[in-house]
Each structure stands twice: as C-alpha cells, then as structure tokens.
Amino acid sequence: MKQTQSFNAEIKKLLDLMIHSLYSNKEIFLRELISNASDAMDKLKFEVLTNHQLVRPDHKYEVRLEPNKTDGTLKIIDSGIGMNKEEVVEYIGTIARSGTQKYHQLSQEMKNKPELIGQFGVGFYSSFMVAEKVILHTQKAGTNMGVVWESQGDGTYSIDEVPRPEGVGTTITLKLKKFQEEDHVADFSDEWTLKSLVKKYSDFISYPVVMKTKVAIPETATEENKEPQYKDEDQTLNSMKALWLRPAHEIKPEEYSEFYKHISHDWSEPIKTVHYKAEGTIEFTSLLFVPEKKPWNYQYRDTEYGLSLYVKKVFIMSDCKDLLPPHLRFVKGLIDSSDLSLNVSREILQQDRQVQLIKKNVVNKIYSSLKELLTQSRDKYELFWKEFGSTLKEGVANDVTAKDKIQDLLLFTTSTQDKLSTLDEYIVRMKPEQKDIYFITGENMTQIKNTPYMEKLNEKGYEVLLCVDPVDEWVMNSLSTYKDKKLQSITRNDLNLDTEEEKKKKEEENKSLKERFLPLIDKMKTFLNENIKDVVISDRLSSTPACLVSAANDPSANMERLMSRMGGEFNMPRTKRILELNLKHPLFESMINKNEEEQKTWSEILYNQALLNEGSDLPDPARFSKQISDLMARM
Ligand code: ADP
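Report follows, based on the coordinates. (Residues numbered from 1 in each chain as written. Predicted model: local features only at pLDDT ≥ 70, side-chain atom pairs only at ≥ 80, totals over all residues. Heavy atoms only, no water.)

### Considerations on the pairing of strand 2 (residues 63-68)
In step 1: Pairing analysis gives six bridges linking strand 2 to strand 3 (residues 73-78), with the strands arranged antiparallel. When the sheet's bridge partners are listed, N68 is paired in strand 3 with T73.
In step 2: The antiparallel hairpin formed by strand 2 and strand 3 contains four residues in its connecting segment, where G72 sits at a positive phi of about 65 degrees.
In step 3: Inspection of the sheet shows strand 2 paired to strand 8 (residues 209-217) by three bridges, in the parallel sense. Along strand 8, the bridge assignment pairs R64 with V210. (Pairing = 2+ DSSP bridges. Helix = DSSP H or I, 4+ residues; strand = E, 2+ residues; numbered from the N terminus.)

What follows is the structure, encoded as structure tokens:
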C-alpha cells in the first residue's frame, strides 16, 4: 500500500537547498548516481562470492542510462544489490548518518557559498538539483519484492511495495527540470551530453555504463536515398580501466581528481594524491588521497575509514580498518593486492601477515608524503593541519611506533610567532642558554597567552608552545623529549629557568626574604593545608603575587578538567597543588603586618586567584566575591 511520509527536518532543509541551489555545477548529479550504482554492484558482487545463488549465473553487472527527450526524463538503471523497504527509509528518507550539528552550522554559510554543498557528500539528493521529481524503484538481492520511492523534494515522499520487472537492482527515474537558456544548464536527456559527462566523470568505473545509441546501418545509404536508416545499439560509454593500474605518468590530474570524488563522495579536490606500486617482499598498488576538508560527519568516532581493499581489481571491502591506524582515518583511497585471496574476510584480515606488511608500508608512505607536503607546500600542509592535525596527533599518544614519525609533522602556535612552527623551527630559535622546549596546555588561546606562568619566560625571551587542543595534554606527555631536548610544562614545579649563576645570586637575595617571610609562609601552609601540598617561593612570576603549580608527576590542572568533563570513571579527585609566591610583590609587605584573621582571608583570596589563573573553577565563588568586596570596603 502506498504510504506518504515526511522527511525529517534536516532533510527538508537539505532538499530545499538542493532545489534552490545556485551551485552551478549541476551535472555532477550523474557522477553521484553512477557512483552509487557502482557501489551497489560492488556490494552485490562481494555477496555473490560466498552466496552464488543470489543472482542468476548470467547476471550482467552494468549501469544503463535511458534518456527520453520527448518526456524530458532520464533513467539510471543498475543491477546492483538494491535495497529493501527498511533500507530505503533509512538511507533515503532520513539523514541516517548523524552530523546534524555540522549541518546546521554549514547551512547558513551555504546561502552565500553554494559550493559548500559538496561537503555533505549527499550523493542521491543531488538529483534534486536537476529533477522536479525523482522515482526510485529498487529490489534487494535475495528478496522478490521491490520498493518504489517517489518525491518531488517538497517535504514528503511516498513509498510502496511493487515488484521490479527486471528483478534485483535499482532504477532511478528523473523527471528533469526545465531550465531557462540563461541558466546554462545542459540538457540531460541529450545523448551527446550524457556521453561526454560519463567520459568526464565516470570513465574509470569498473562496470560498463551503457546507453542505447542510434547507429547508421551503412548499406541503407544508397545513391538516391542519402540518409541511411538507423538502428538502436548498446554502446559502452566508459573505458572501465582501473585507474590505479595505469602508469602514474599517463594519468591526468583531472582523472585522479574525478576518481577521488567517486570514492570519497567529496566534491572538492584532494590536497594530496599518492599513487605508487610497492615491489619486493610484498606487492601491491596503492592510490591514496588526503582530503582538503573534513567530511561533515567526521567528528564522530565511528567515521568510516577511507581505505578500500581490492584483490586483483576485484573490490573486496570498503572501510578497511586493518589497513590504517585510527589516527590516519582521514586518508581515502584503495589498496589492490595480488597476493591476497579473493575470499578474505574481515576476521582473516586481522591476523594476516601480508596485510600487516601492507599496512606498515602504506602508513610509512603516508608519513613521508605528509612530510613532503610540509616541506614543499607549507600553505597546503597548514590547511591540512587545520583540518586533520588533531587526528594525526592522536598517534603520538596512542601508538608508540608512530611517535617518531609524527613528531616531525607537528605544528604549534607559539608565544612569539604569528605563524605555526615545527619543533625543529622552534629549536633553531632557542636562546643559547635555553635547555628545554617549553609548553603550556590550556583551554583557549586568550587564557594561556595572558597567563602569569609566562611572565618570567617572556622576560627571558623564551618561546613557549601554546597547546589548546584537548588531545595536546596526552600528546605532550607522550612526547616528553624531542631531539634530546626535554619538553617542559611551564605549570610544573620542576621548571628550572635560571642558570647556575643566576641561581646563586638569587639564593643570596632570597635569603633575607626567606628569613622575613618564613613565619608567614608557615602560617599560610596551615591556613591552606586542606587544599595545597606546599607553599614555596616562586621564580617564575614577576608581576603576579601567586600561582599554583603541579608536582612533577601529578596531572596538570588542564588534564584534570578534561578528565572530569569526560565524567564517570575518568573523574579524578583534585590533586593538591603547590602554591608559589612572588614575595617581591608589595602585598606581602602589607600582609606580614596584618592580624591572623586577616592573613587567613588574604591567603584564601590568593589561593582562589591562583585557581582562576590556572583556569580552574572556584570551590565557593560567592565566598570569594564577598571576601573581595569586604576588602574593597575597607580601602
Ligand atoms: P552516499 O552514497 O554518500 O552514502 P547517498 O545519499 O548517495 O549517500 O546514498 C545513501 C545510501 O543509499 C547509500 O550509502 C546506499 O546504501 C544507498 N543507495 C543509494 N543508491 C543506491 C543504489 N543505486 N543501489 C543500492 N543502494 C543505494
């Protein structure tokens, strides 16, 4: 029975954007639909490997284009795996893949920048850019009932169960929109247009894309009747050559780019293409792409991995997690191996030694390609870094074997530069007497740029790496050294900024300070005993009276905040920190003369200010404000 249903709100908006899209490159809908058809045939072919009964022995894997100029329609017909009713509703009726937030964010911008539409990889829906009505008739392999889905993109669709005369596969019928001449949109029911679009976008598709074409019957052109008679004949429009098996020097950049768009469902150009053949102990061909932009649903952990596995040109599987570590999940492309068996399953892959060797080789190639991008096209590398830097960084923390490779690829914002720097670039700028590489982790740039922890380092002209990515906390801890230089957090108590000479001099100076202030320091220790480990004289502050630092093996304040935000088992009890005092600050001179009650209040205020400076929440903000206003009232 025919049912009418509403699209969910996101799809409605998306469709609306498609229908009214000013995106000029409307012809790409054909690439998207042919891509879907080819994916569906890949899936069916893979199923048939283990279930021969699924299709008839003479099943023809092909995509058919059937234009009809008179009706103004175009049909795209495939003999792929098809969909059952649930799948149609799930894949076509809702945006199943989460990511609505990103969508909302982009939909506003899209009004001015129609090309952003490409970021959604909304393949099927792109047909609404050229069609006023779309009818999908599909039948899933292994079933004998078909499903008809129909929509005018107006907020609703209808769905009905009708057997598909051709059996397994999918037919998409587009009732083409009538464009005005000044819109400069091609006629998609025109044979010649379709031929050139297939050549342009889908030449490498590994199944024939077929169209019935009128061909002249030669002997019918006679002396008196110059016009020959025509007959309809199937013509294959694409060369079907597996792009990755052709020699790299013969492949044009556009060909790589179209191939990338086919496999990634991305509409923009890749930022880096790597095509190579591994020879020696293990043989395989690999075609890899680094995208320019994150796919719109990328922030989710279950993002599909981009590598597909082929064995001797036969598609085995997409989303092959055994070929890439998680921190390289942004890479798209494929591996074609002639050494693996066609029957490999996901389970076998995990243990396969060949696969492990391939993975190692591919991963190293990706690192070296990124290094090449970094050294040869810094601008592009920085674009890449902006999108995928935090993903790549995960490798430092999670994969010991990756650390050595990734550390050279890291970029940092620093306290003295207005551009990003590598660790090597930082080292070149280090002061002659500077021993360590300094860094600070925190939540945002404003917070850490103005932090009092930086005072002394700024005075000395020492550069500090400013790390505000949540993953940085783990990255910096795992890195610990780079080229024999220690990575030193400037919020830890073991920060050792002075030279031996300076230390001696300071000790002399501090001697008298210490003697004067020791009783006060001891009292402060008692007042704040519940909250802190120790009170010591600071040598990192110059204008701020006090700050909190973590003991060398304790978690940093930022780490504690990150963990508690993750909640549950990650929630760690607050570790007591060390309160450092800058006794040269005039307030301590006044404090020493106050009565004990007041000294207690002042200690609390100083502690709370130090908490604010490290970016932490106050345990009792109301009490703190009251203490401050009481103090002001007495001025
Ligand atoms: P994408 O191709 O980027 O996943 P689409 O909106 O184009 O997004 O398609 C959504 C899903 O619908 C596909 O992932 C696939 O499962 C299914 N689908 C689309 N077209 C076909 C087809 N011709 N045959 C079988 N399944 C299809």
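Once you've had a look at it, read on.
### Let's talk about the packing of aromatic side chains
In step 1: Using the criterion set out here, one finds 20 aromatic pairs in the structure.
In step 2: Here the aromatic rings of W244 and F259 are separated by 5.8 Å at their centres, their planes lie at 50 degrees, and the arrangement is tilted. On the criterion of sequence distance, the pair formed by W244 in the loop between strand 9 (229-236) and helix 6 (253-264) and F259 in helix 6 is long-range, its members being 15 residues apart.
In step 3: By relative accessible area, W244 is classed as buried at 5%.
In step 4: Given a relative accessible area of 2%, F259 falls into the buried group. (Phe/Tyr/Trp six-rings, centres within 6.5 Å; stacked < 30°, edge-to-face > 60°. Buried < 20%, exposed > 50% of the residue type's maximum accessible area, 1.4 Å probe, protein only.)

### Side note on the sheet that holds strand 16 (residues 437-441)
In step 1: One open sheet accounts for five strands, arranged 15-17-16-19-18; its pairing is mixed. Here the strands that pair on one side only, and so sit at the sheet edges, are strand 15 (413-414) and strand 18 (481-482).
In step 2: Here strand 16 pairs with strand 17 (residues 464-467) via four bridges, running parallel. Pairing of T441 across the sheet is with C467, part of strand 17.
In step 3: The sheet contacts of helix 14 (residues 472-479) involve strand 16, strand 17, strand 18 and strand 19 (485-489), and relative to strand 17 the element is tilted by about 140 degrees. (Contact = heavy atoms within 4.5 Å. Axes fitted to C-alpha atoms, helices over the stretch in contact; angles between N-to-C directions.)

### Notes on the packing of helix 15 (residues 500-527) against helix 18 (residues 596-613)
In step 1: Interhelical geometry of helix 15 versus helix 18 gives an angle of 70 degrees and a closest axis separation of 10 Å. In terms of their interaxial angle, helix 15 and helix 18 are classed as roughly perpendicular. Counting all contacts with helix 15, which are made through L520, K523, M524 and F527, the residues of helix 18 involved are E596, Q599, K600, S603 and L606.
In step 2: Tallied by class, the residues present in the contact of helix 15 with helix 18 amount to four nonpolar, two polar and three charged. (Parallel < 35°, antiparallel > 145°, perpendicular 65-115°, else oblique. Nonpolar A, V, L, I, M, F, W, Y, C, P; charged D, E, K, R; others polar.)

### Description of the sheet that holds strand 2
In step 1: Pairing is mixed across the open sheet formed by nine strands, whose spatial order is 1-6-5-4-7-3-2-8-9. Bordering the open sheet on either side are strand 1 (3-6) and strand 9, each of which pairs with just one other strand. The average angle at which neighbouring strand axes cross in this sheet is 25 degrees, direction not considered.
In step 2: Those strands touched by helix 2 (residues 28-50) are strand 2, strand 3, strand 7 (169-176) and strand 8, and its axis lies near 20 degrees from that of strand 3.
In step 3: Running over the sheet, helix 5 (residues 191-202) touches strand 2, strand 3, strand 8 and strand 9 and is turned about 135 degrees from strand 8.

### Observations concerning the side chain of E580
In step 1: With respect to the helices, strands and loops of the structure, E580 is situated in strand 22 (residues 577-581).
In step 2: For E580, the residues in contact, after removing those within four places along its chain, are N493, V536, S538, D539, R540, L541, P545, A546, C547 and V549.

### A short note on empty space enclosed by the protein
In step 1: Within this structure, the stated rule accounts for three cavities of 30 Å³ or more.
In step 2: Of the volumes computed, that of the largest cavity is approximately 140 Å³.
In step 3: As for the largest cavity, its lining consists of 18 residues, and the residues nearest its centre are T441, Y453, T491, A557 and E614.
In step 4: Put simply, the parts of the chain that give the lining of the largest cavity at least two residues each are strand 16, helix 12 (445-449), strand 21 (546-549) and helix 16 (557-566).
In step 5: No other element matches the three residues that helix 16 contributes to the lining of the largest cavity. (1 Å grid on protein atoms, 1.4 Å probe; cavity = no way out; pocket = protein on both sides within 12 Å on 5 of 7 lines; lining within 4 Å. Points joined across faces, edges and corners; volume = space filled by probe spheres on them.)

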